[in-house]
Amino acid sequence: MLSSAVRSAHNVGAIVIVFVLIGLSNWANKTGHQSSLTPQQMQLVTNFANKNNLNVSNAANNSKSTTAITTTTIPSSSSNICQSLSPTETIFVLIPSYRDMECSETIMDVFMKAACPYRIYIGVVEQNSYKCGDFGCKSTIQMAIQDAINDNVAVTLRKLESNIRVYSIDAHDAKGPNHARAVAMRHLYRGEMFVLCIDSHTCMANAWDIKVVQQLKRCQYQIQNQQGNNTQSGATAYNSVPNKVILTMRPGNWTKRAYAYTNSNNANNNNVNIYEDNPPTFMCAQGFKKDSCLPIISSQQMARSPVKPIPQLFWSSRFSFTYAAIHMECPFDPLLHHLYTGDEICMSSRFWTSGWNFYTPFTMLCLHKEDKTYRPSYWETQSLALETDTPMITTKNKRALSQNNSRYIERRSDAAEMRVQVVLGMRTVQQFQEPNGVATTNNNADDCAIRGTNPFQSPNNLLPGGTYGLGTTRLLPQYSEFMGIDFRGLVADPLAILGIVDESDAAELLCKYGSNENYLQRKSATESIYAIPQ
């Protein structure tokens, strides 16, 4: 049975074609945008598309339980959309994965829910412990294909198998998701036009690939229109560039993949309040981390789905879709080892000061599995020494090795927080020191950054204009004013806590809080949050 999102895509197929194609053409002409693919890559994509006219319309009926995914039928109009799209409009899906059994199902979900799967290229940085018997993401898919050789799902996945790129790192050497994202862009990216960042336990909406491009263009047109009408406010009040737009959010939670996108009236549905036509989330400030004083970002679901682009205060790595150029301009810092609070505010600041604006998607384009109990976490790296099968290491030595690993991870995590503090102006380069008090100013760390050993290297690269520092299009004090957090005073104002960009925008208040009255009630009950109690 088709979901409402897919039925809608079927009904407005012609509109999507006109919007995406003419919109892309107009935008390219106005901005002088050049394709990031080489002519050889363009020809490769064109040939692949012509030779593989993928048809997954019967996938849902023929899929077997061995794949453990919920596939969907794609509207017949999608083939026309795909044939009309430029072969350069490809999407690179960046997925860091740490010992995650959901990784392979996420990959299959990305392909099978896409309207034009041949345009999708997936890059997985796989951090598995093969000593513990972990299966690789791609090898699991290959086994699923072999088990369902006559299945249309398997046929489709076989054609797309070469679109999956994997970079393997032993779990013992894992350095956290930020390092993994840097590795993916360095080793797996091949010049695709767009980049989508998600986690390895994500469930996508139907025809997500068409929707994200469509929504990204609508955001760009809104900025252009506001600039043309001299009505800039909120997100566009700070020297905005029309083509510098990011769709980002923290997706809603899912508990069972098979029920993630069923109708909300289904009594057996465990996600009755979150499915693909439900409103998306918006991000807000929650407070400050106790020891490092780095801002903590949270999210809540909108009261209503937007009918026009709604700005965000922050960027999230759980869902981020934009042009690949952003990752050339603001590359992920590979030395943010084992950092799990502070990375998003760091990247938010770097992106925003480089001229990029954040907008929420119009619907819940994907869901994210919040439950972490089903899989190991990055922090277990400290105890992997206890699982080693080396006979020469005694149990006592294993425990000692585990304690050393724990101290090693904590030290790297502290160093990563210090790097973020330098970026946000909370610490100077001179204060960027190792625990023993010895400051490092080596500027030649980029060559070894990916195999990245010392997170204390190259603090000068964290300064504005540096490789991993703030941009120079807008100033950090402007971003502090825009999103309501004072990095030096360590205070978050009520607007930051409420996630509001522009109080004068009635559409924003309506979408986020349902009505102006509801918003005013919440605001009257909200007080500023201080990192240090006043």
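In case you missed it, the structure is sitting above this.
In this text the structure is predicted, and so the values were computed from the model without any measurement.

(A) Up close: the overall build of the chain. Helices and strands together make up the secondary structure of the chain, namely 17 helices and 16 strands. By the burial criterion, 57% of the 534 residues in the chain qualify as buried. Put simply, 78% of the contacts in the chain that link residues at least 6 apart link residues at least 24 apart. For the chain, the exposed area adds up to about 21800 Å²; of that, 50% sits on carbon and sulfur atoms.

(B) Representation of the layout of surface pockets. Empty space within the largest pocket amounts to approximately 650 Å³. For the largest pocket, the lining is made up of 28 residues, of which Pro-177, Asp-199, Arg-318, Tyr-340 and Lys-372 are closest to its centre. Contributions of two or more residues to the lining of the largest pocket are made by strand S1 (91-98), helix H9 (177-187), strand S9 (295-301) and helix H12 (343-353). Partitioned by chemical class, the residues of the lining of the largest pocket number 11 nonpolar, 8 polar and 9 charged.

(C) Region of the structure containing the sheet that holds strand S15 (residues 491-492). Strand order in the open sheet formed by 3 strands is S14-S15-S16, with antiparallel pairing between adjacent strands. Whereas interior strands pair on both sides, the edge strands pair on one side only; in this sheet they are strand S14 (485-486) and strand S16 (529-530). Examined bridge by bridge, S14 and S15 share 2 bridges and lie antiparallel to one another. Counted as the bridge partner of Asp-486 is Val-491 from S15.

(D) Quick peek at helix H16 (residues 506-513). Of all the residues in H16, the buried ones are Glu-508, Leu-509, Cys-511, Lys-512 and Tyr-513. Turning to H16, the residues buried within the fold contact strand S8 (281-288), S9, strand S10 (310-311), helix H15 (494-498) and helix H17 (516-524). N-cap assignment for H16: the residue whose side-chain oxygen lies 3.1 Å from the backbone N of Ala-507 is Asp-505. Of the residues one or two after H16, Gly-514 is the one with positive phi, at around 90 degrees.

(E) Seen up close, helix H14 (residues 476-483). Looking only at H14, the buried set comprises Leu-476, Tyr-479, Ser-480, Phe-482 and Met-483. Down the axis, H14 shows its buried residues gathered within 165 degrees of arc, on one side only. Among the exposed residues of H14, those pointing more than 90 degrees away from its buried face are Pro-477 and Glu-481. With its phi angle positive at about 85 degrees, Gly-484 sits one or two positions after the end of H14.

(F) A look at the packing of aromatic side chains. Scanning the entire structure with this criterion turns up 10 aromatic pairs. Ring plane angle 45 degrees and centroid distance 6.3 Å describe the contact between Trp-315 and Phe-332, whose orientation is recorded as tilted. Of the two residues, Trp-315 is situated in the loop between S10 and strand S11 (319-323) and Phe-332 in the loop between helix H11 (325-329) and H12; the sequence distance between them amounts to 17 residues. Across this residue pair, the class does not change: Trp-315 and Phe-332 are buried. Through pairs of rings, three or more aromatic residues link up here, namely Phe-194, Phe-321 and Tyr-323. We note Arg-474 situated over the ring of Trp-352; from NZ or CZ to the ring centre the distance is 3.9 Å.

(G) Highlighting the sheet that holds strand S7 (residues 252-253). Pairing is mixed across the open sheet formed by 3 strands, whose spatial order is S5-S13-S7. Where the open sheet ends on each side, the last strands, each with one partner, are strand S5 (202-204) and S7. Strand direction decides the pairing type here: S7 and strand S13 (residues 366-368), joined by 2 bridges, are parallel. The residue bridging Gly-252 from the neighbouring strand is Leu-367, located in S13.

(H) Here's a closer look at the pattern of salt bridges. Enumeration according to the criterion identifies 15 salt bridges in this entry. Across the pair Asp-505 and Lys-308 runs a salt bridge whose closest N-O atoms are separated by 3.7 Å. Separated by 197 residues along the polypeptide, Asp-505 in the loop between H15 and H16 and Lys-308 in the loop between S9 and S10 bring together distant segments of the chain. Take Asp-505: its relative accessible area is 16%, and that puts it in the buried class. Beyond isolated ion pairs, a larger network of salt bridges with shared partners links Lys-289, Asp-291 and Glu-417.

(I) Region of the structure containing the state of the cysteines. Considering all chains together, one arrives at 2 disulfides under this definition. Disulfide pairing is shown between Cys-82 and Cys-116; the S-S distance is 2.0 Å. Here Cys-82 and Cys-116 share a disulfide; its torsion about the S-S bond, -95 degrees, makes the bridge left-handed. On the criterion of sequence distance, the pair formed by Cys-82 in helix H5 (residues 77-84) and Cys-116 in the loop between helix H6 (103-112) and strand S2 (120-128) is long-range, its members being 34 residues apart. Each member of the pair, Cys-82 as well as Cys-116, is classed as buried. With a sulfur-sulfur separation of 2.2 Å, Cys-103 is cross-linked through a disulfide to Cys-137.

About the criteria used
Residues numbered from 1 in each chain as written. Predicted model: local features only at pLDDT ≥ 70, side-chain atom pairs only at ≥ 80, totals over all residues. Heavy atoms only, no water. Helix = DSSP H or I, 4+ residues; strand = E, 2+ residues; numbered from the N terminus. Buried < 20%, exposed > 50% of the residue type's maximum accessible area, 1.4 Å probe, protein only. Contact = heavy atoms within 4.5 Å. Areas by Shrake-Rupley, 256 points an atom, 1.4 Å probe, with all protein chains shown as cover. 1 Å grid on protein atoms, 1.4 Å probe; cavity = no way out; pocket = protein on both sides within 12 Å on 5 of 7 lines; lining within 4 Å. Points joined across faces, edges and corners; volume = space filled by probe spheres on them. Nonpolar A, V, L, I, M, F, W, Y, C, P; charged D, E, K, R; others polar. Pairing = 2+ DSSP bridges. Polar contact = N/O pair within 3.5 Å; in protein donor to acceptor, adjacent residues only side chain to side chain. Arc of directions from axis to C-beta. Phe/Tyr/Trp six-rings, centres within 6.5 Å; stacked < 30°, edge-to-face > 60°. Lys NZ or Arg CZ within 6 Å of the ring centre and 35° of its normal. Salt bridge = Lys/Arg side-chain N within 4 Å of Asp/Glu carboxyl O. Disulfide = S-S within 2.5 Å.

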